[in-house]
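Given next are the chains, with one letter for each unit.
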Amino acid sequence: MVNRFLMSAGLALALVACGGGDSGGSPPPTGGGGGPTPTPTPTPSPSPTPTYQTFAQLTGDRNFDAACGGIKQASAITPITASEFGEGISQGRGLALGFAAATSTWNITGPGFSTSFGPADLSATPPVDTVLYSRTVNGLPNRFAIVSRPFGAQAAEYVRGAALTFPNGGGIEDYFCVFGVPTLVTDTLPSSTITYSQFNIGGFAIRATPTGTSVFDLRDSTVTLSANPANGQVTTQITLVGREFVAGVPATTTTALGTYNSTGTVNSRPSFAGDLTSPGQTVLASGFAGWFFGPQGREAGYAFNIVVDLPTGGRLTSGGAVTARR
């Protein structure tokens, strides 16, 4: 499957250009003794261009795979390792999202839990570009958000962000995910390296030191992302910029939280994934995983998690999700 997806446009054109049989000599005789007229080999037809519905055009019952990363807060603060598309809940990672049209209900399955959100949970005052479901159970938050932040003036067509806050295993888990209308493995990307130019990022980071704990919103972070269909490499850089929550509200000032790099690869799930490193910092655990969305990877998205050992003592744990458009 991966080879078909990574097939260059040049190879595709070569296949289309293969002609049928040509005898190269005189035509066969028409009288007695002449052999049968050979049947020409048909010229291969080009594969039809795949068609996609935008996310907004989807109807009926729907099931989505999601790539997710995040943070769990319990007796300790630990990362939720970024899950790849196709990895499966059975392996203890990621979320599966299902929408039941008859009841307008989202059914969510995660590692060791399942939950659902329906019309009764809809928030009347959600953040902009967000559908938010929220309730409190036994004093604990249960929230699910679907985010469709535009790329500048361009609406997000095929990719969506999602966030889930859910109590599980004696703690609170915060997932940040990407899902939507994935690019088919048969829909080859352009042959040259493609570069995404517009981004949205959501997530948060927790800095725990001997003197206290701070939580940061990551919306101001910056990202680069490119993909090379010829060798299956996906390169990204995340520069984390946080706004510390003060009394539940992000501060007006920002805090630099490090720059992280990776060159990941496309695999057979199909998904792309890799580890993140940072010069001069001790990265204890990290990962990013995602896929392309819409025709020829017009949009893309991935989830990430990063844990850094701070030189002044303590750790920085971050998790989030990135959506992109080229």
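Keep in mind it's a predicted model, so treat the numbers as computed, not measured.

Draft legend 1. Seen up close, the overall build of the protein. In terms of helices and strands, the protein carries 2 helices and 20 strands. The buried share of the protein, reckoned over its 326 residues, is 43%. Partitioning the intrachain contacts of the protein with sequence separation of at least 6 by distance along the chain shows that 57% fall at a separation of at least 24. By element, 53% of the accessible surface of the protein is carried by carbon and sulfur atoms, the whole surface being about 15,600 Å².

Draft legend 2. Focus on the state of the cysteines. For the structure shown, the criterion picks out 1 disulfide. The side chain of cysteine 68 participates in a disulfide bridge whose partner is cysteine 177; the two sulfur atoms lie 2.1 Å from each other. Between cysteine 68 and cysteine 177 the disulfide shows an S-S torsion of about 110°. By sign, it is right-handed. One end of the pair, cysteine 68, is in strand β1 (residues 62-73); the other, cysteine 177, is in strand β9 (residues 171-180), with 109 residues separating them in the sequence. Of the two residues, cysteine 68 and cysteine 177, both sit in the buried class.

Draft legend 3. Structural context of the pattern of salt bridges. Enumeration according to the criterion identifies 7 salt bridges in this entry. Salt-bridge contacts for glutamate 84 lead to arginine 269; the nearest nitrogen and oxygen are separated by 2.8 Å. With glutamate 84 in the loop between β2 (77-80) and β3 (95-100) and arginine 269 in the loop between β16 (255-267) and β17 (271-274), the pair connects residues that are 185 residues apart, well separated along the chain. A salt bridge links glutamate 157 to arginine 298; the nearest nitrogen and oxygen atoms lie 3.8 Å apart. With glutamate 157 in the loop between β7 (140-147) and β8 (159-168) and arginine 298 in the loop between β18 (282-293) and β19 (299-309), the pair connects residues that are 141 residues apart, well separated along the chain. Judged by relative accessible area, which is 22%, glutamate 157 ranks as partly exposed. Relative accessible area serves as the criterion here: at 30%, arginine 298 is assigned to the partly exposed category. Each of Glu157, Arg298, Glu299 and Arg325 takes part in one network of salt bridges that share partners.

Draft legend 4. Examining the pairing of strand β13 (residues 222-228) more closely. Pairing of strand β10 (residues 194-196) with β13 involves 3 bridges; the strand directions are antiparallel. Counterpart to tyrosine 196 in the pairing with β13 is leucine 225. Two elements, β13 and strand β14 (residues 233-246), share 7 bridges in a ladder whose sense is antiparallel. Within β14, the position partnered with valine 223 by the bridge is isoleucine 238.

Draft legend 5. Structural view of the environment of glutamine 237. For glutamine 237, the location among the structural elements is in strand β14. With relative accessibility at 30%, the residue glutamine 237 sits in the partly exposed group. For the pair glutamine 237 and threonine 277, spaced 40 residues apart in sequence, the C-alpha to C-alpha distance is 9.5 Å. A distance of 2.7 Å separates polar atoms of two side chains, one belonging to glutamine 237 and the other to asparagine 261.

Draft legend 6. Inspection of the packing of aromatic side chains at higher detail. Per the counting criterion, the structure on display carries 19 aromatic pairs. A connected cluster of aromatic rings, assembled from ring pairs, spans Phe55, Phe64, Phe99, Trp106, Phe117, Tyr133, Phe144 and Phe179. Here the guanidinium or amino end of arginine 135 rests over the ring plane of phenylalanine 117, the centre of that ring lying 4.3 Å away.

Draft legend 7. Quick look at the pairing of strand β12 (residues 212-217). Pairing geometry for strand β11 (residues 198-209) and β12, over 6 bridges, is antiparallel. By the bridge assignment, isoleucine 206 is partnered in β12 with valine 215. Where β11 folds back onto β12 in an antiparallel hairpin, the turn is made up of 2 residues. As judged from the 2 bridges shared by β12 and β14, these two strands associate in the antiparallel manner.

Draft legend 8. Summary view of the side chain of serine 262. As for its position among the elements, serine 262 is in strand β16. Classification of serine 262 as buried rests on a relative accessible area of 7%. Among all residues touching serine 262, those that are not within four sequence positions of it are Val234, Thr235, Thr236, Gly274, Asp275, Leu276 and Phe288.

Draft legend 9. The arrangement of the layout of surface pockets in detail. Estimates place the volume of the largest pocket at around 1,000 Å³. Lining the largest pocket are 40 residues, with Ala163, Phe176, Gly203, Asp217 and Arg219 positioned closest to its centre. Only β6 (130-137), β7, β8, β9, β11, β12 and β20 (315-325) provide two or more residues apiece to the lining of the largest pocket. In terms of residue count, the dominant contributor to the lining of the largest pocket is β8 (7 residues). Looking at the lining of the largest pocket residue by residue, the class counts come to 24 nonpolar, 10 polar and 6 charged.

Parameters at a glance
- Residues numbered from 1 in each chain as written.
- Predicted model: local features only at pLDDT ≥ 70, side-chain atom pairs only at ≥ 80, totals over all residues.
- Heavy atoms only, no water.
- Helix = DSSP H or I, 4+ residues; strand = E, 2+ residues; numbered from the N terminus.
- Buried < 20%, exposed > 50% of the residue type's maximum accessible area, 1.4 Å probe, protein only.
- Contact = heavy atoms within 4.5 Å.
- Areas by Shrake-Rupley, 256 points an atom, 1.4 Å probe, with all protein chains shown as cover.
- Disulfide = S-S within 2.5 Å.
- Salt bridge = Lys/Arg side-chain N within 4 Å of Asp/Glu carboxyl O.
- Pairing = 2+ DSSP bridges.
- Polar contact = N/O pair within 3.5 Å; in protein donor to acceptor, adjacent residues only side chain to side chain.
- Phe/Tyr/Trp six-rings, centres within 6.5 Å; stacked < 30°, edge-to-face > 60°.
- Lys NZ or Arg CZ within 6 Å of the ring centre and 35° of its normal.
- 1 Å grid on protein atoms, 1.4 Å probe; cavity = no way out; pocket = protein on both sides within 12 Å on 5 of 7 lines; lining within 4 Å.
- Points joined across faces, edges and corners; volume = space filled by probe spheres on them.
- Nonpolar A, V, L, I, M, F, W, Y, C, P; charged D, E, K, R; others polar.

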